[in-house]
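Here is how the chains run, residue by residue.
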Amino acid sequence: MSDLRYLPVPDGLVGERIDVALSRMLGLTRSAVGKMVEGGKVSVDGLEAKKGVRLEAGQMITVDMEVRKSAPAPVVGMDILYDDEDVVVVNKPVGVAAHTGPGWDGPTVIGNLEAAGYRISTSGPPERQGIVHRLDVGTSGAMAVAKSELAYTKLKHAFKERSVTKVYHALVTGHMDPARGTIDAPIARHPSKEWRMGIVAGGRRAITHYETIEYLPGATLVEVELETGRTHQIRVHFSSVNAPLVGDTFYGADEVKARQLGLTRQWLHAVELTFTHPRTEVKTTVRAPYPDDLESVLEKLRNPVAG
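Residues numbered from 1 in each chain as written. Predicted model: local features only at pLDDT ≥ 70, side-chain atom pairs only at ≥ 80, totals over all residues. Heavy atoms only, no water.

Undergrad: Honestly, the overall build of the protein chain in this entry has me stumped. Any pointers?
TA: Scanning the protein chain from N- to C-terminus turns up seven helices and 15 strands. Expressed along its principal axes, the backbone C-alpha trace of the protein chain runs to roughly 75 × 45 × 35 Å. Restricting the contact set of the protein chain to residue pairs at least 6 apart, pairs at least 24 apart contribute 64%. As displayed, the protein chain has an accessible area near 15,200 Å², and 51% of this comes from carbon and sulfur atoms. One way to put it: in the protein chain the 37 positive side-chain charges average out to a point 4 Å from where the 38 negative ones average out. (Helix = DSSP H or I, 4+ residues; strand = E, 2+ residues; numbered from the N terminus. Contact = heavy atoms within 4.5 Å. Areas by Shrake-Rupley, 256 points an atom, 1.4 Å probe, with all protein chains shown as cover. Lys, Arg positive; Asp, Glu negative; His and termini not counted. Charge placed at Lys NZ, Arg CZ, Asp CG, Glu CD.)

Below is the structure:
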């Protein structure tokens, strides 16, 4: 069955060969696109395209997506929550960075996807191609990566304009009072504590909304929505109201309690992403289940062993 796609030539791809351009726009390999062109599945302004033709401004490409890329191999240790020709959303595990960078030579989201055969957008700095937003190494959860150039452009803009809804669940120390609220406090590099962020007058404005999901012994499970996206925002904001994330000893959580719960990182998970799909413009929501280490902590608190 035919599945026609109508694609205006992006300004950034004017002058490119059609197979190169479509490879970037659709997230397919150049060989796969070449087969589509040779099979008469691609036209430009209504005329069947030739493989070597170069694109001009204002042209419209029509693609019959009947020939599709074969499914990539499974990504080891990282679940795929959503995948199409434009976007892949992963459930990023703790201990995996979004991309390579100074001081980090461990596993990355991009590296894992590429090793499994996923095509990633080539837009952005070389080490961050396809990256439209990031999660810290120590934070798990839903993270979107652009596969096509269209997705990179539109999603990057959407995150910058804060039109993407990012929902986190966090387990914080103590019982939050009030049960629902907003923390509005500026964040910047801590003036005296190296590698830490802090509440600093004159810092960048940061706004965190929260609502209680469940009260537990000595802790509160909260749902958090960020209005801004500062480094370590959730961790810093809850620490500033004497409710550091359970396990987050970097920002003041009880080390003994963390050991008792078997927690080696902050209890924080990016549970949901809602974005407007860059091609279909359909509102898309992707949810990420809790990983085993965070689920285990909740079970221990809900079912304490009788002394």
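On we go.
Undergrad: Is there a simple way to think about the nonpolar core in this case?
TA: Note that soluble globular proteins tend to have their nonpolar side chains buried in a common cluster. Judged by nonpolar contacts, the single largest core of 30 residues is most densely connected at Leu113, Val224 and Phe238. At the level of secondary structure, the elements contributing two or more residues to this core comprise β6 (87-92), α3 (109-115), β7 (140-146), β8 (165-173), β13 (219-226), α5 (233-240) and β14 (268-276). Beyond its immediate chain neighbours, meaning those up to four positions away, Val224 contacts Lys166, Val167, Tyr168, Ala170, Thr208, His209, Tyr210, Ile234 and Phe238. Within the second largest apolar cluster, 18 residues are counted, among which are Leu13, Ile18, Val42 and Ala49. (Core = buried A, V, L, I, M, F, W, Y, C linked by side-chain atoms within 4.5 Å. Buried < 20%, exposed > 50% of the residue type's maximum accessible area, 1.4 Å probe, protein only.)

Undergrad: Before we go on, may I ask you to explain the packing of aromatic side chains in this structure?
TA: We describe a pair of aromatic rings using the distance from one ring centre to the other and the angle between the two ring planes. This model, assessed by the stated rule, comprises four aromatic pairs. An angle of 85° between the planes, with centres 5.2 Å apart, marks the rings of Phe250 and Tyr251 as edge-to-face. Its relative accessible area of 8% is what places Tyr251 among the buried residues. Ring geometry for Trp267 versus Tyr290: centroids 5.2 Å apart, planes at 80°, classification edge-to-face. Here the residue Trp267 occupies a position in the loop between α6 (255-261) and β14, and Tyr290 occupies one in the loop between β15 (283-287) and α7 (292-302), the gap between them amounting to 23 residues. For Trp267, a relative accessible area of 0% gives the class buried. (Phe/Tyr/Trp six-rings, centres within 6.5 Å; stacked < 30°, edge-to-face > 60°.)

Undergrad: Looking at this structure, I do not really get the environment of Ala179. What am I missing?
TA: Among the secondary structure elements, Ala179 is positioned in the loop between β8 and β9 (180-184). Distance from Ala179 to Val167, taken between C-alpha atoms, is 17 Å for residues 12 residues apart in sequence. Among residues more than four places away in sequence, those in contact with Ala179 are Tyr210, Glu211, Thr212 and Tyr215.

Undergrad: I keep staring at the pairing of β15 and nothing clicks. Help me out?
TA: Within a regular beta strand, the side chains point alternately toward one face of the sheet and then the other, so they alternate between its two faces. The side-chain alternation of β15 yields one buried face, formed by Thr284 and Val286, and one unburied face, formed by Lys283, Thr285 and Arg287. Bridge count for β14 against β15 is five bridges, and the pairing is antiparallel. Within β15, the residue paired with Glu272 across the bridge is Arg287. Where β14 folds back onto β15 in an antiparallel hairpin, the turn is made up of six residues, including Glu281, whose phi is positive at roughly 60°. (Pairing = 2+ DSSP bridges.)

Undergrad: Looking at this structure, how should I read the pattern of salt bridges?
TA: Two side chains that carry opposite charge are able to pair once their charged atoms sit near each other. This structure, assessed with the given rule, holds 11 salt bridges. With its nearest N and O atoms 2.7 Å apart, the salt bridge here joins Asp83 to Lys147. A residue pair is termed long-range when its members are at least 10 positions apart, and Asp83 in strand β5 (residues 79-83) and Lys147 in the loop between β7 and α4 (149-160) qualify at 64 residues. By relative accessible area, which is 34% here, Asp83 ends up partly exposed. The structure contains a network of salt bridges with shared partners spanning Glu214, Glu295, Glu299 and Arg302. (Salt bridge = Lys/Arg side-chain N within 4 Å of Asp/Glu carboxyl O.)

Undergrad: Sorry if this is basic, but what is going on with a nonpolar patch on the surface here?
TA: A cluster of nonpolar residues, Leu4, Tyr6 and Met60, forms a patch on the protein surface that exposes about 300 Å² of accessible area. Relative to the elements of secondary structure, Tyr6 occurs in strand β1 (residues 4-8). A relative accessible area of 54% places Tyr6 in the exposed class. (Patch = residues over 30% accessible without salt bridge, like charges linked within 9 Å, V, L, I, M, F, W, Y side chains within 5 Å.)

Undergrad: It is not clear to me how the side chain of Glu272 should be interpreted in this structure. Could you clarify?
TA: Relative to the elements of secondary structure, Glu272 occurs in strand β14. A distance of 2.5 Å separates a polar atom in the side chain of Glu272 from a polar atom in the side chain of Arg287. The contacts of Glu272, once residues within four sequence positions are left out, are Thr165, Lys166, Val167, Thr285, Val286 and Arg287. (Polar contact = N/O pair within 3.5 Å; in protein donor to acceptor, adjacent residues only side chain to side chain.)

Undergrad: How should I be thinking about the confidence of the model for the protein chain in this particular structure?
TA: In regions of low pLDDT, the predicted coordinates are not meant to be interpreted in detail. Of all residues in the protein chain, 93% have pLDDT values of 70 or greater, and the mean over the chain is 89. This stretch, residues 67-71, has a pLDDT under 50; its non-local contacts, to residues over four places away or in other chains, come to eight contacts. (pLDDT = per-residue confidence, 0-100.)

Undergrad: Explanation requested: helix α1 (residues 18-26) in the structure shown.
TA: Count 3.6 residues to each turn of an α-helix, and residues three or four apart come out pointing the same way. Across the nine residues that make up α1, a large majority, eight, are buried. Listed in full, the buried residues belonging to α1 are Ile18, Asp19, Val20, Ala21, Leu22, Ser23, Met25 and Leu26. Tucked into the core, α1 has its buried residues touching β1, α2 (30-38), β2 (42-44), β4 (60-64) and α4.

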